[in-house]
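Close look at the chain arrangement
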Amino acid sequence: MIFAVEPDRIALPNSHFIGGEHVAGDGQIAVLSPSTGQVLGEIPIADAATVDRAVKAARAALAASNWGGIAPRERLRALCAWADLIEAEAETLAMLEAVCSSRPYWQVHEGDIRITAEQIRFFAEFADKEGGALAPVADSSFGYISDEPYGVVGAITPWNFPISMAGWKLGPALAAGNAVVIKPSEMTPYSTLYMAELSVRAGLPAGLINVVLGDGPVTGAAITGHAGIDKVSFTGSTRAGAAIMENIARTGIKPMTLELGGKSPVIVCADADLDLAADCIDRGITSNAGQVCVAGSRLIVARAIADALAEKVRERFGRHRPAHTLAVTAGYSPIISEKQLERIDSIVRAAVHQGGEVLCGGARFDHEGSYYQPTLVAGVTDTSPALREEIFGPVATFQTFDTDDEAMALAGHPTYGLCAGLFTRDLSRALRLTRRIEAGTVWVNRYGRSTDHILPTGGWKSSGLGKDLGREAYAANRRTKSVLIDL
Ligand code: NAD
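None of the values given here were measured: they were computed from a predicted structure.

Looking now at the overall build of the chain. When its secondary structure is counted, the chain shows 15 helices and 22 strands. Taken over the C-alpha trace, the chain has a radius of gyration of 23 Å; the compact-globule value for 487 residues is 23 Å, and the two agree within 12%. In the chain, which comprises 487 residues, the share counted as buried stands at 57%. In the structure as shown, the chain presents an accessible area of about 19,300 Å², 53% of it carried by carbon and sulfur atoms. Here the chain contributes 45 positive and 55 negative side-chain charges, whose respective centroids are spaced 3 Å apart.

Looking now at the site of the ligand. Neighbouring the ligand are 31 residues; Lys183, Glu186, Ser237, Leu260 and Glu390 lie closest to it. At a separation of 2.6 Å, an oxygen atom of the ligand approaches a polar side-chain atom of Glu390. Notes on the ligand: free accessible area 850 Å², of which the protein chains cover 90%. Those elements that provide at least two residues to the shell around the ligand are helix H5 (162–175), helix H7 (216–224), strand S10 (231–235) and helix H8 (238–251). The leading source of residues in the shell around the ligand is H8, at four residues. Looking at the shell around the ligand residue by residue, the class counts come to 15 nonpolar, nine polar and seven charged. Both domain 1 (7–260 + 464–482) and domain 2 (264–452) contribute no fewer than three residues apiece to the shell around the ligand.

It is worth spelling out the packing of H5 against helix H6 (residues 190–201) at this point. For the pair H5 and H6, the least separation of the axes is 8 Å and the interaxial angle reads 45 degrees. The angle between H5 and H6 falls in the class oblique. Seen from above, H5 lies across H6 with right-handed handedness. Across the interface between the two elements, Pro162, Ile163, Ala166 and Gly167 of H5 pack against Ser191, Thr192 and Met195 of H6. When grouped by side-chain class, the residues that make up the contact of H5 with H6 number four nonpolar, three polar and no charged.

Ordered in space as S5-S6-S22, the three strands form an open sheet in which the pairing is antiparallel. One side of each edge strand has no neighbouring strand; the edge strands of this open sheet are strand S5 (133–135) and strand S22 (478–486). Taken pair by pair, the neighbouring strands of this sheet meet at an average axis angle of 25 degrees, ignoring direction. In this structure, S5 lies alongside strand S6 (residues 141–149), joined through three bridges in antiparallel fashion. From the neighbouring strand, Ala133 faces S6, where its bridge partner is Ile145.

The full count for this structure, using the stated rule, is nine aromatic pairs. Relative to Trp106, the ring of Tyr105 lies with its centre 5.0 Å away and its plane at 85 degrees, an arrangement referred to as edge-to-face. Residue Tyr105 is classed as buried on the basis of its relative accessible area, which comes to 3%. Residue Trp106 is classed as partly exposed on the basis of its relative accessible area, which comes to 30%. The interplanar angle of 75 degrees and the centroid separation of 5.1 Å between the aromatic rings of Phe122 and Phe123 together place this pair among those described as edge-to-face.

Per-residue pLDDT for the chain has a mean of 97; in total, 100% of the residues score no lower than 70. Averaged over each element, pLDDT in the chain is lowest for helix H12 (residues 385–388) (95) and highest for strand S8 (residues 179–183) (99).

So, on to a nonpolar patch on the surface. A contiguous nonpolar surface patch, about 510 Å² in accessible area, is contributed by Leu134, Phe142, Tyr144, Ile485 and Leu487. Here Leu487 falls in the exposed class, since its relative accessible area comes to 72%.

Here is what the cut-offs are and how they apply
- Residues numbered from 1 in each chain as written.
- Predicted model: local features only at pLDDT ≥ 70, side-chain atom pairs only at ≥ 80, totals over all residues.
- Heavy atoms only, no water.
- Helix = DSSP H or I, 4+ residues; strand = E, 2+ residues; numbered from the N terminus.
- Rg over C-alpha atoms; globule rule 2.2 N^0.38 Å.
- Buried < 20%, exposed > 50% of the residue type's maximum accessible area, 1.4 Å probe, protein only.
- Areas by Shrake-Rupley, 256 points an atom, 1.4 Å probe, with all protein chains shown as cover.
- Lys, Arg positive; Asp, Glu negative; His and termini not counted.
- Charge placed at Lys NZ, Arg CZ, Asp CG, Glu CD.
- Near = heavy atom within 4 Å.
- Polar contact = N/O pair within 3.5 Å; in protein donor to acceptor, adjacent residues only side chain to side chain.
- Nonpolar A, V, L, I, M, F, W, Y, C, P; charged D, E, K, R; others polar.
- Domains from an automatic or database assignment.
- Axes fitted to C-alpha atoms, helices over the stretch in contact; angles between N-to-C directions.
- Parallel < 35°, antiparallel > 145°, perpendicular 65-115°, else oblique.
- Left-handed = near helix turned anticlockwise from the far one by under 90°.
- Contact = heavy atoms within 4.5 Å.
- Pairing = 2+ DSSP bridges.
- Phe/Tyr/Trp six-rings, centres within 6.5 Å; stacked < 30°, edge-to-face > 60°.
- pLDDT = per-residue confidence, 0-100.
- Patch = residues over 30% accessible without salt bridge, like charges linked within 9 Å, V, L, I, M, F, W, Y side chains within 5 Å.
- Salt bridge = Lys/Arg side-chain N within 4 Å of Asp/Glu carboxyl O.

Put into structure tokens, the structure is as follows:
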């Protein structure tokens, strides 16, 4: 195999990054390559004292730099310099991400990094454009609503898009004048550490971004339960989101943004462009091997075109070939761990046991590493975990409908409401059905996020609370104060 970068030439950091300095700790969690199963290194678990040190460093940086109070365009300039450096360092960042995650090197290099840098600039631009308001009060008083940074934001991110997720958290929090203590996933810690290092090199105050390494129960809980963390911003599973809410309720109330899991429907009407729909379905569930919160995992297809569409999807699914994430040409992603691959497989087997039919895939690839074939399962029962649970793998269920009402009944999920796809050439039907879909995002005749960063993203129901991206994400990092002065 030809590597874009030789895996053993990559130096992997394994210390926390606090107050602009590397802070060592005992290696306690092994970081693995999902492409080979090899252990790459070990990272420490930040305990409550280390998290406290990071929170104090964040507060000290805010006090010393007056980050939240300087001219907003100074914040903008500093953040844009950081975004430029992130792009300039794309090679190293992409290596650090691809070595331990499911993200192919070239996709990170050409995609995730550029998009993240642009999102940081996008948020930086709010710094001198969004603000408070004068309040219409009686002329015997003067009333205004000021908006101010929270102080220290605690951010926790998942493993599936480490750089992008760090950007979603750090961009708006810093632009809004906060400092951040961030914990990347224990499976993919390296790129976030390097992004923080780059922030200092770009001229951001040391201590504005502090990275603590560790797991959820110890480090994550220490962040969400710390009295000095003023706001929590989390992306991850609904299960962990619920645990965070519980911890926050127990340890002191604080605002939180939760971007959680999904089980998103893709509805294909009989009048749809079937090749377009099949291309989008393929990308929607095979990109990152389905390890995407917005994965289109429930296909809901008009009976009249069901066979034709299934054939087109099957043909596209069959084209994917596994590749090491550091391979010179991007290929199909590995599943993040053997444990997760086994979970995916067991859900597929359970669906078959309950009468489901595997239309294609349904097994791991015969290839080194944890690779699972793109899989289509028809005939699933309503209660099947394949239909109800977020699989977080390349598995889509296939159901059919005759009327729009039936399609809507199938599309609704009892708990999730992250996003949905709809394919039809009928504009009136598109608008009618879009209104009825219970989800934070609906894509019509496309599937997947665009680079329109102004569109907020976030789930309904158990898929989340609050928004990332868009104006909403900036606003979520500021708090308002109503001031009334009697004249
Ligand atoms: P996860 O919930 O297991 O872990 C996410 C992060 O939370 C990790 O850093 C982990 O260490 C930490 N964590 C776990 N338990 C915690 C706790 N009790 N307290 C504090 N922190 C805790 O999720 P994952 O497996 O890393 O990522 C996959 C999940 O993320 C999927 O459910 C996916 O849908 C979701 N996700 C959602 C979005 C979105 O925008 N809605 C984006 C990406 C991923």
